[in-house]
Each structure stands twice: as C-alpha cells, then as structure tokens.
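The residues making up each chain are set out below.
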Amino acid sequence: MSSARSLHNNGYEVRILEGRDRLGGRMWSFDGGVGFGTMDLGAAWIHGIKKNPLTNLAKRGKAKRVRTNYESALNVMFDSSSSQYLPPRLVGKIYKEYSAIVSKGIERMQGSTIIDMDLQTAIRQILSNAGNRVKYLKSEKWLRLVTQDLYDLQYAAPTSDLSLWWFDDDKATSGADVLFPNGMWQLGEVVLPKEVTIHLCTTVTKIQSNGDSTTVFTDNGNFVADAVVVTVPLGCLQANTIAFEPALSNTFKNALGKRKMGIYNKVLLRFPKQWWPKRHFFTAISKNGSIPPFQEFLNAQYVSKKPILVAFSSGDTAKSLEDLSDSEIVLIAMKQLREMFPKISIPEPMSHLITRWNSDPFSRGSYSFNKLGVNPDTDFRDILTTHGGRVQFAGEHTNRDYFGTVLGAYYSGISAAKRILGD
Ligand SMILES: Cc1cc2nc3c(=O)[nH]c(=O)nc-3n(C[C@H](O)[C@H](O)[C@H](O)COP(=O)(O)OP(=O)(O)OC[C@H]3O[C@@H](n4cnc5c(N)ncnc54)[C@H](O)[C@@H]3O)c2cc1C
C-alpha cells in the first residue's frame, strides 16, 4: 500500500494484483458478525506509538485506539490439578534476576563469541556459568515465564531457532501499545489512494523481465508494467510460488533462506458473559515448565466491549495446532482455561474464530525472524539490491530495522518506490 501510494504520488499509474479476495494481507480486520464485530485476525497493535508514522496515519483516519498494558498481566501457573495466580512481587524478582544475569549475559555474548549459536543454547550456558547467583531461574517454569514473553511470542519462534547474535537486531519505537476497536485495516484505507486500480483474486504465477518492460503472469490475465514491486511474504518466496525470468540469483535466494517465518496464531472465543478477572492480559505457565498450547490471552472486552478472549499460540506449538480441526482446537483452549481458573465455572463459548497463518498459501507463516545462520549486514543488502531496476522487493521481511511488523512493511514499501524512482 505504501509503495502504491508513493508511486501514485509520483505520477505512476499503479495496479495492485492481489491473490486473495481482500486487501490487507496479514493485516486482516475481519467482520466476525454479531457475536464478534470487527476483529483483527492478523496484525492488531501499534507497538510504541511515539514518533511512529502509523500513529500519524491513525490520526489522519480518525481511527479509535485503545491502550493496553502488558505490565499488569495476570500470570497464571497451572497443571491439571491446581492453579495459582503468581504474586506480582515474585514475578518482579524473577524478571529482575533474568535481566541481571541472562539479558546482560546475552549482550556480553553477542559482543564476544566467535561463532553464532542458537539463543536457547546461549541462555543455558549463561545460567550454568552464573553458578549460585541463579536462584529462581534454576526452575524451568520461571525460565519459561520470561522466555515465552520475551522471545517466543515476540518473534513467533522457539529460542532454539533464533540467532544469538541477531535475533534482536531490530529497532523499536517508544511509547504505549495500542489496539484498534474498529480494526487496524483503517490504516490501510488511509494509505491507499482511491485512484489505484485493484485486481482481487488475481494470483501472480510468473514475473518475466526483458529489456524495457516486465510482464506479470497471473491466473486472471497478464499485465505489462514499467516496474514491479513484489511484496509477497517471505514464506511464499521461499516456497517459489512465483517463477522469475530471469531466475532469481543464488545470492538473493541464499539471503532469503537465512531468514525464516515464525508462526503465531489466534483463537478468539466469544462467551455469553465475561467470567475472567479484569486484566488486559493473562499469561499461562505450566507448573512443570513445558510450553502450554496457549501462552497468552488478551481480554478483548477492553477493546471490543464484548466478552471475547483471544488466545495466542506461537512457534512449534502453534504449528502443531494448525493440523487440528476447529472443534479440537477450541476443546484444547477450554481445557487449558478450566485448568488455569479451576474455581470459576466457565461457560462454553458461543462462537470462535481461528487463524492458521502457516497453512495459508498467501502468507505461509506469520512474520519473519533472524534465524541462526543469518547475517543481516549482508543478507538484507542482498535482498534489496541484487535485483535492481524493474523488479523490486518489499514487505516486512525486507526491512532490517522493523522486520516482522506493519511498520517494517510500511517503510519497506516506501523504500522500494524510492528505488524505482531512482531517489
Ligand atoms: C497473527 C499475527 C499477528 C500480528 N501482530 C502484529 C502486530 O500486532 N503489530 C504489527 O506491527 N505486526 C503484526 N504482525 C505482523 C504484520 O501483520 C506483518 O508484518 C505485515 O502485515 C506484513 O505486511 P506485508 O505487506 O509485508 O505482507 P502481507 O500483509 O502478507 O502482504 C502480502 C500480500 O501478498 C499477497 N500474495 C501472496 N502471494 C501472492 C501471489 N502469488 N499473487 C498475488 N498476491 C499474493 C497476500 O495475499 C498479501 O495480501 C502480525 C502478524 C500475524 C500473522
């Protein structure tokens, strides 16, 4: 959208070729009907509203926003027979220990190790070297409490996949986090000029460049263009869903191959009434330290004014849930909720919405992360510059500073347009 806008503003006639029957991609404000209203099934938050161009877009579109406060999350530790709300003081001490020993250790290792390693191995090494300074984090469950919040959910990947050196090689804007009660897609509506022609249900199969023009082949006709911006997700590029002529170079493919799509899914449950404690978030910690099917819940009552809980699942757990039927997934979510809140009589949900971003042929994952083996200094450069001229690449996976986010996608579109315009 941002690319289309920049090119349109510079006098280009722009067409968007979109495989799905809707615009927005992984920003999907879905009208779930009476029980739900508009719900964001993909991107939902602006994380850090200060000095963030998305905030300006939201203001321009007069989009209503609601702040969420992760700090006040209720941390629930449970197993099949009992559950406990963790006292905030205890949680504070665990995080303090983590930050003093592990976060500092990670920083040190990022600057000193000769070879990269996965983040899980690094964390284990740091803890074992810290000897008796480690009090809480000896316990798998306290370690999980912190790591699932800091890494699994944020990067949608298990720590065993993340590169120690580069997993956090992204930037963040400061300030509060906000959700959109009427859907984040309002930002897309502000960005996209009315004059841009949109072809929905038009799946690109091949992009052929020769001399002065480029032909885009689709299942809905062919289009000849002066230039093309390819914004399909990393997962689609890695699965070769589009053929390129001339073929993409090995340098480009190698660079692409060193990043990976994480998996992050939502299960939205609409209940007859709110039965859960009045907090913005709950986190779920298994007493034995294993990964629960849903690691976090958002109390969407705050946002939608309807009794809706959003359950989040990430990484390998999210991947395996995708293979199950809707009713099996709801059953697992309800079993977990009943174990987390055994004293509450929890009604059955009236309806549900479930995402499967990894199985979706137009996304093939949720968002990208820096896996072990990546070298952002060269890989992002190769993704952006190996194929210059008429075929440019954009999308969150091409933005070194804000990959994995809507902001990254937004910036990447503007920079692809600049490259086409020769700025
Ligand atoms: C569950 C979930 C939660 C998220 N939460 C947040 C959040 O809170 N905040 C945040 O900033 N980010 C979040 N993200 C990440 C954010 O959604 C993405 O980083 C961003 O939307 C990616 O935009 P993009 O333009 O790069 O790709 P996309 O939005 O995926 O756009 C690519 C488009 O290409 C189309 N396409 C693919 N193949 C073809 C083809 N062959 N032919 C034609 N069209 C094709 C797709 O249909 C899609 O519309 C979340 C993502 C998910 C999945």
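First things first, this report covers the structure right here in the doc. This one's a predicted model, so the numbers in the text were calculated from it and none came from an experiment.

## So, the overall build of the chain
Working step 1: Scanning the chain from N- to C-terminus turns up 13 helices and 22 strands.
Working step 2: For the chain, the C-alpha radius of gyration of 22 Å lies close to 22 Å, the compact-globule estimate for 423 residues.
Working step 3: Seen through its principal axes, the chain has C-alpha atoms that stretch 70 × 55 × 40 Å.
Working step 4: Buried residues in the chain amount to 43% of all 423 residues.
Working step 5: For the chain, the proportion of contacts with a sequence separation of at least 24, taken over those separated by at least 6, is 75%.

## Describing the pairing of strand β18 (residues 296-299)
Working step 1: The alternating pattern of β18 places Glu296 and Leu298 and Phe297 and Asn299 on opposite faces, both of which are buried.
Working step 2: In this structure, strand β17 (residues 281-286) lies alongside β18, joined through three bridges in antiparallel fashion. When the bridges of β18 are listed, Phe282 appears paired with Phe297.
Working step 3: Strand direction decides the pairing type here: β18 and strand β19 (residues 308-314), joined by four bridges, are antiparallel. For Phe297, the partnering residue across the bridge sits in β19 and is Ala311.

## Notes on the sheet that holds strand β6 (residues 74-78)
Working step 1: Strand order across the open sheet formed by seven strands is β7-β6-β17-β18-β19-β16-β20, with mixed pairing between neighbours. Edge positions in the sheet fall to β7 (83-85) and β20 (351-354), since each of these pairs with one other strand and no more. The average angle at which neighbouring strand axes cross in this sheet is 20 degrees, direction not considered.
Working step 2: Judged from the four bridges that link them, strand β16 (residues 264-270) and β20 form a sheet pairing that is antiparallel. Of the residues in β20, the one forming a bridge with Val267 is Ile354.
Working step 3: Seen against the sheet, helix α5 (residues 140-155) touches β6, β17, β18 and β19 and runs at an angle of roughly 130 degrees to β17.

## Re the sheet that holds strand β4 (residues 46-47)
Note: strands within a sheet are paired through backbone hydrogen bonds, in either parallel or antiparallel orientation.
Working step 1: Strand order in the open sheet formed by three strands is β4-β8-β5, and the pairing between neighbours is antiparallel. The open sheet has two edge strands, β4 and β5 (66-68), and neither has a second partner.
Working step 2: Bridging between β5 and strand β8 (residues 177-179) involves three bridges; their strand directions are antiparallel. By the bridge assignment, Val66 is partnered in β8 with Leu179.

## Side note on the site of the ligand
Working step 1: Around the ligand, 34 residues are found, and the nearest of them are Gly19, Gly25, Ala43, Gly395 and Ala409.
Working step 2: Mapped by element, the contributors of at least two residues to the shell around the ligand are β16 and α13 (406-421).
Working step 3: Element by element, the count of residues in the shell around the ligand is highest for α13, at three residues.
Working step 4: When its residues are assigned to classes, the shell around the ligand shows 17 nonpolar, 12 polar and five charged.

## Thoughts on the environment of Pro181
Working step 1: With respect to the helices and strands, Pro181 occurs in the loop between β8 and α6 (186-191).
Working step 2: Pro181 gets classed as partly exposed once you count the C-beta atoms within 10 Å, which come to 17.
Working step 3: Note: C-alpha distance between Pro181 and Met39 (142 residues apart in sequence) is 7.7 Å.
Working step 4: Not counting the four nearest positions on each side in its chain, Pro181 is found in contact with Lys64, Val66, Val303 and Ser304.

## Digging into the packing of helix α3 (residues 88-112) against helix α4 (residues 119-129)
Working step 1: Relative to each other, α3 and α4 sit at 115 degrees, their axes nearing to 9 Å. Relative to α4, the element α3 is oriented roughly perpendicular. Along this stretch, α3 crosses α4, giving a crossing that reads as right-handed. Contacts between α3 and α4 involve Ile101, Val102, Gly105, Ile106 and Met109 from the first element and Ala122, Ile123, Ile126 and Leu127 from the second.
Working step 2: Of the residues in the contact of α3 with α4, the class split is eight nonpolar, one polar and no charged.

## Focus: the nonpolar core
Note that soluble globular proteins tend to have their nonpolar side chains buried in a common cluster.
Working step 1: The biggest cluster of nonpolar side chains holds 106 residues, and the ones touching the most others in it are Leu54, Leu269, Phe297, Val310 and Ala311.
Working step 2: Setting aside residues up to four positions removed in sequence, Ala311 forms contacts with Lys266, Val267, Leu269, Phe294, Phe297 and Ala333.

## Overview of the packing of helix α8 (residues 250-257) against helix α12 (residues 376-385)
The relative placement of two packed helices comes down to the angle between their axes together with the axis-to-axis distance.
Working step 1: Across the interface, α8 lies against α12 with an axial gap of 8 Å and an inter-helix angle of 130 degrees. When the axis of α8 is compared with that of α12, the two are oblique. Between α8 and α12 lies a crossing of left-handed hand. Across the interface between the two elements, Thr251, Phe252, Ala255 and Leu256 from α8 touch Asp379, Asp382 and Ile383 from α12.
Working step 2: Class assignment of the residues belonging to the contact of α8 with α12 gives a composition of four nonpolar, one polar and two charged.

## Remarks on the environment of Thr231
Working step 1: Structurally, Thr231 is set in the loop between β13 (228-230) and α7 (234-238).
Working step 2: Residues Thr231 and Arg144 lie 87 residues apart in sequence; the distance between their C-alpha atoms is 35 Å.
Working step 3: Ignoring sequence-local partners within four residues, the contact set of Thr231 consists of Ser3, Ala394, Gly395 and Gly413.

## Topic: unusual backbone geometry
Working step 1: Cis geometry is found at the peptide bond from Glu245 to Pro246, where omega equals 0 degrees.
Working step 2: Mapped onto the secondary structure, Pro246 falls in the loop between β14 (243-245) and α8.
Working step 3: Even without a glycine there, the phi angle at Lys51 is positive, about 50 degrees.
Working step 4: Relative to the elements of secondary structure, Lys51 occurs in the loop between β4 and α2 (53-60).
Working step 5: By the C-beta count within 10 Å, which is 10 here, Lys51 ends up exposed.
Working step 6: Despite not being glycine, Asn240 shows a phi value in the positive range, around 55 degrees.

Conventions adopted
Residues numbered from 1 in each chain as written. Predicted model: local features only at pLDDT ≥ 70, side-chain atom pairs only at ≥ 80, totals over all residues. Helix = DSSP H or I, 4+ residues; strand = E, 2+ residues; numbered from the N terminus. Rg over C-alpha atoms; globule rule 2.2 N^0.38 Å. Buried ≥ 20, exposed ≤ 12 C-beta atoms within 10 Å, placed from the backbone. Contact = placed C-beta atoms within 7 Å. Pairing = 2+ DSSP bridges. Axes fitted to C-alpha atoms, helices over the stretch in contact; angles between N-to-C directions. Near = placed C-beta within 6 Å. Nonpolar A, V, L, I, M, F, W, Y, C, P; charged D, E, K, R; others polar. Parallel < 35°, antiparallel > 145°, perpendicular 65-115°, else oblique. Left-handed = near helix turned anticlockwise from the far one by under 90°. Core = buried A, V, L, I, M, F, W, Y, C linked by C-beta atoms within 7 Å.

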